[in-house]
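Reading the structure
Letter by letter, the chains look like this.
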Amino acid sequence: MTVPGQRDFPVIFEFSTPGRVGSSFPAPDVPELALDALVPVEHLREEPAALPEVSELDVVRHYTRLSHRNFSIDEGFYPLGSCTMKYNPKIHEDVARLPGFSRLHPYTPPEQAQGALQLLWDLERLLAEISGMDRVTFQPAAGAHGELTGLLMIRAYFESRGERQRTKVVVPDSAHGTNPATAAMAGYQVITVKSDARGNMDVDALRAAMDDTVAAIMLTNPNTLGLFEERITEVEEIVHGSGAQMYMDGANFNAILGVTRPGDQGFDVMHFNLHKTFTTPHGGGGPGAGAVGVKSHLVPFLPVPVVERDGDGFRLDTDRPKSIGKIRAFYGNFGNLVRAYAYLRSMGSEGMRQIAETAVLNANYMLARLRSAFDRPYDRLCKHEFVLSGMRQKRQYGVTTKDIAKRILDYGFHAPTIYFPLIVDEAIMIEPTETESKRTMDEFIEALLTITREAKENPDLVRTAPHTTPVKRLDEVRAARQPDLRWRPKA
Amino acid sequence: MTARRKGVEVERRVQHKYIPATDAEREEMLRAIGVGSVEALFADIPEAVRLDRPLALPPALSDPELIAQLRALAQVNLDCDRATSFLGAGAYDHYVPSVVWHLAGRGEFLTAYTPYQAELMQGELQAGYEYQSMLCELTGMDVANASMYDGASATAEAAVMAKDLTKRPEVLVSTAVHPEYRQVTRTYVAPLGVQVTDVPYRNGVTDLNAVEAALSERTAAIIIQHPNFFGSLEDARALADLAHRAGALLICAIAEPLSLGILKPPGAWGADIVAGEGQPLGNNLNFGGPYLGMLATRMEFVRRIPGRLVGATVDTEGRRGFVLTLQTREQHIRREKASSNICTNEALLALAAAIYMATLGKQGLQRVAELNLRKAAYAKDAIGSIRGFEIAFDAPTFHEFVVRTPLEPDELNRRLLQHNILGGASLGRWYPELRDAWLLCVTEQRTREEIDRLVEVLEGIR
């Protein structure tokens, strides 16, 4: 929504008028001593922070209008592959905001926080059952944070066994960028293993890469091509045969809930993206919650504290000498754990399996209807998502995957994930999730097929898209070359 | 139990409200795919790893049952609405104006993803830019990122940043920094071969002589907290000068950004990186999370900053717009050479912080900071005059202070609970030498009456 006569949508600072206020606080009920009587003057600010001076209504209008310049699951289909953009139930917001959770201080004595501790205890049991893991920590704030937690536990495990020569981590070439970045943060050298012609990790290449200097392999299963690693049992034999650990990136866990458990596939540690699989809202890029499950041999290394049960009560155990320490303050993104717990309790066992079955059915349906219009690098049934290639459109009409993605926005949908995984040229990665109806998927399919016709008949229309969004295509090169990262008053 | 029709098998199932596909649509979709059953779609999963039983989960709850179940769990917790709280220590009970979560909780923000399609996501991108701008104003730094996980991990990432910038192998950390921030910093830097050396405090503030003695050409940075974990104000400029003389960076952790409503911003006294906790800026206590990691630095270090950055640019028609920028620092481009692995962050909490800062504004933030300072000063004075109680340190404080108590602080807290008061944090769990020390916090939420009541109860205890 652009304001007529005004080219740029205003920044909140541009509404500022000296003297205007947007908040009220009680008058001091204690003596109003001069500030410099309480704090030596050298500690005091000379000028107040130059925050906006706006009324409450200014704030309400501005951020409401900004919300209209955004796209959300609440508004429409969001087939962002690898992100599992499923419906975020409203009831979860209500329960997470109960004062007993939202107004609870993290250092409340455990005896006065038994409900919160019980929720953590119960949620841990539920996730352990679903994943086949023995214990779960909730301290990591996101998936990548969980990866770091997992690798640090593996590192501590090998140190405790005197296997310090294990300095490498193996990742497939289809891995999320966070996997190699995490391995580097955990002090490991990254070895990349290629994928085979069916889109699985190349087992021969893996065998060649494995020796006693490898600490772990990080695998996403189903992988980022949306394909189940068909040779997972061979992978497990090779990895464990060389004494290394199996790390599972749980980003794609939605596809296999109740069907197969990572713990039964041989994984020693995995992270859950509670903000994907267990539907805590993404909030425009966070907060997430990246729980990490481990098999029993890694339990001593879990971050502190761990919730333990004594009789009818729950306590926080910090006395764990082998622990990797802490990865975040307090106990994790508790508010999101309340939401995930509510989701699990409302779905139950049958619901879990229905999630996986429907997510996979929906993805295969969309794939079946779209496959002939695009190139398809690995022609197999998919799991919860699938990857197409826009190479044909690029070669024949000079229309890139980015152009197609931008044109999708004009049809009232979010675009799929594009240019990922890196091993597919002009990749388009579509994940419908189980919460979308056939009707919505059909509308999206029709839009995408229409765009492929537009690419042929009117390629400029696609190349200059989007046409209906609040702004047109943005100059990313300029943003990077002349960084403007904060508002400043015009001189 | 299956219904067989035209070669397609659909299992009979209970229709769930979050899963719209009907049995008829399932059949249609299976036919379009060309397989006979949903089961066939899972044929690529080896039999050996399939789960051969239903998951052992408790039965599904309806919404009314779910609400009742969660209310029951919530009700046994003693939250800050049900008790008078003097707890702080890195998580602060402040008044959150109603507008903050009415706006930040809107589904348009709440249920959006990271803004990968900028043209469609100008709302959250612009809010991120506004947040970055306000944080720069507050801290006096040049550039702030769009958020980190929390104060502790932001401090740890600042330490990693300092190691990369200086190529030096050691980080000094004041023991007056939040113990959990120190723990997390250790966890992050240990695998990178960085040594963490504690620098002691003296009389409640970082010991300058010890810092001077510990600094060397090996020191990448010194990490302090200001106000520090004891609530005391550090001699921050002197610490920054010492660090700079040794060629090291000064990292300032801030657990209470509201203090900057009146305190000199770190950018004005020489901090190189500000890392901190944004929970007090409009976010709930949430039993410790989600919280908001803040990270700000000097422009010259921008290419080593971790996380998302929003930048202003123009569209093809010359209109201002916002994008995620300088992404070659990040994991999805740079993979193992990235400045951090961070991907999902705390964007929604940064939005709430922006709305909070805009709502309070230039005057309001100063006003609320003054209220915190004055109420805490009143309480400190009153508690310090109770026989048997003693203010532990001489340094000036903001809204927290340490008290030496005649009883073990845990025992004191148990007695206060009988009066429905949540007492302060017992410092002995982190500092063996402070077994009789109690960290009290007084925010603008506490009234004089409540403070007087605390004093009265304490007088009765001695």
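Residues numbered from 1 in each chain as written. Chains lettered and ligands numbered in written order. Predicted model: local features only at pLDDT ≥ 70, side-chain atom pairs only at ≥ 80, totals over all residues. Heavy atoms only, no water.

**Brief notes about the overall build of chain B**
The secondary structure content of chain B amounts to 14 helices and 19 strands. Across its three principal axes, chain B shows a C-alpha extent of roughly 85 × 55 × 50 Å. Looking at chain B as a whole, 68% of its 462 residues qualify as buried. Partitioning the intrachain contacts of chain B with sequence separation of at least 6 by distance along the chain shows that 69% fall at a separation of at least 24. Taking the 48 positively charged and 58 negatively charged side chains of chain B as two groups, their mean positions are separated by 2 Å. (Helix = DSSP H or I, 4+ residues; strand = E, 2+ residues; numbered from the N terminus. Buried < 20%, exposed > 50% of the residue type's maximum accessible area, 1.4 Å probe, protein only. Contact = heavy atoms within 4.5 Å. Lys, Arg positive; Asp, Glu negative; His and termini not counted. Charge placed at Lys NZ, Arg CZ, Asp CG, Glu CD.)

**Some thoughts on the pairing of strand 14 (residues 320-324) of chain B**
Residues and elements named next belong to chain B. Within strand 14, 5 of the 5 residues are buried, which leaves the element mostly enclosed by the surrounding structure. Of the two faces of strand 14, the one lined by Arg320, Phe322 and Leu324 and the one lined by Gly321 and Val323 are each fully buried. In this sheet, strand 14 lies alongside strand 13 (residues 310-314) in antiparallel orientation, the contact comprising 5 bridges. Across the sheet, residue Val310 finds its bridge partner in strand 14, namely Leu324. Linking strand 13 to strand 14, which pair antiparallel, is a turn of 5 residues; within it Gly318 sits at a positive phi near 85°. (Pairing = 2+ DSSP bridges.)

**Some details on the environment of Thr316(B)**
By the secondary structure assignment, Thr316(B) is in the loop between strand 13 and strand 14. Distance from Thr316(B) to Cys343(B), taken between C-alpha atoms, is 29 Å for residues 27 residues apart in sequence. With near-sequence residues (within four places) excluded, Thr316(B) lies in contact with Lys472(A) and Arg473(A).

**Points about the interface of chain A and chain B**
Contact residues are listed per partner, giving 208 residues for chain A and 189 residues for chain B. Both faces considered, chain A and chain B share a buried interface measuring about 17500 Å² in area, 63% of it formed by carbon and sulfur atoms. Applying the counting rule to chain A against chain B returns 16 salt bridges. Residue Arg374(B) pairs with Glu32(A) through a salt bridge whose shortest N-O separation is 4.0 Å. Counting the contacts that link chain A with chain B gives 93 residue pairs in polar contact (both at pLDDT 80 or more). The element contributing the most residues to the side of chain A that touches chain B is helix 11 (residues 334-370) of chain A, with 27 residues. (Buried area = accessible area lost by both parts, 1.4 Å probe. Salt bridge = Lys/Arg side-chain N within 4 Å of Asp/Glu carboxyl O. Polar contact = N/O pair within 3.5 Å; in protein donor to acceptor, adjacent residues only side chain to side chain.)

**What about helix 7 (residues 178-185) of chain A?**
All names here are of chain A. With 7 of its 8 residues buried, helix 7 lies for the most part within the structure. Among the residues making up helix 7, those that are buried are Thr178, Asn179, Pro180, Ala181, Thr182, Ala183 and Met185. Directly after helix 7, the chain includes Gly187, whose backbone phi takes a positive value near 85°.

**Structural notes on the sheet that holds strand 15 (residues 390-391) of chain B**
Residues and elements named next belong to chain B. Taken in spatial order, the 4 strands of this open sheet run 15-16-19-18, and their pairing is antiparallel. One side of each edge strand has no neighbouring strand; the edge strands of this open sheet are strand 15 and strand 18 (425-426). Along the sheet face, helix 12 (residues 347-384) touches strand 15, strand 16 (400-404) and strand 19 (437-441) and points at about 5° away from the line of strand 16. (Axes fitted to C-alpha atoms, helices over the stretch in contact; angles between N-to-C directions.)

**Structural notes on the nonpolar core**
Membership of the largest hydrophobic core comes to 211 residues, with the highest contact counts inside it found for Phe278(A) and Leu70(B). Among the elements that take part in this core, helix 11 of chain A stands out by supplying 19 residues, more than any other. Counting 101 residues, the second largest nonpolar core, distinct from the first, contains Leu35(A), Val274(B), Leu281(B) and Phe322(B). (Core = buried A, V, L, I, M, F, W, Y, C linked by side-chain atoms within 4.5 Å.)

**Focus: the packing of helix 6 (residues 151-166) of chain B against helix 7 (residues 179-189) of chain B**
Residue and element names in this part refer to chain B. Between helix 6 and helix 7, the least distance of the axes is 8 Å, while the angle of their chain directions is 45°. As judged from the angle between their axes, helix 6 and helix 7 are oblique. The handedness of the crossing between helix 6 and helix 7 is right-handed. Contact residues: helix 6 offers Gly151, Ala152, Ser153, Thr155, Ala156, Glu157, Ala159 and Val160, while helix 7 offers Glu180, Tyr181, Val184, Thr185, Tyr188 and Val189. Classifying every residue of the contact of helix 6 with helix 7 by side-chain character gives 8 nonpolar, 4 polar and 2 charged. (Parallel < 35°, antiparallel > 145°, perpendicular 65-115°, else oblique. Left-handed = near helix turned anticlockwise from the far one by under 90°. Nonpolar A, V, L, I, M, F, W, Y, C, P; charged D, E, K, R; others polar.)

**So, the sheet that holds strand 9 (residues 219-225) of chain B**
Backbone hydrogen bonds are what pair the strands of a sheet, in a parallel or an antiparallel way. Residue and element names in this part refer to chain B. Pairing is mixed across the open sheet formed by 7 strands, whose spatial order is 4-12-11-10-9-5-6. The sheet is open, and its two borders are formed by strand 4 (143-144) and strand 6 (195-199), each paired with just one other strand. Two strands pair when backbone bridges link them, and strand 5 (residues 170-174) and strand 6 are joined in this way by 5 bridges, in the parallel orientation. In the strand pairing of strand 6, Glu170 is matched with Gln195.

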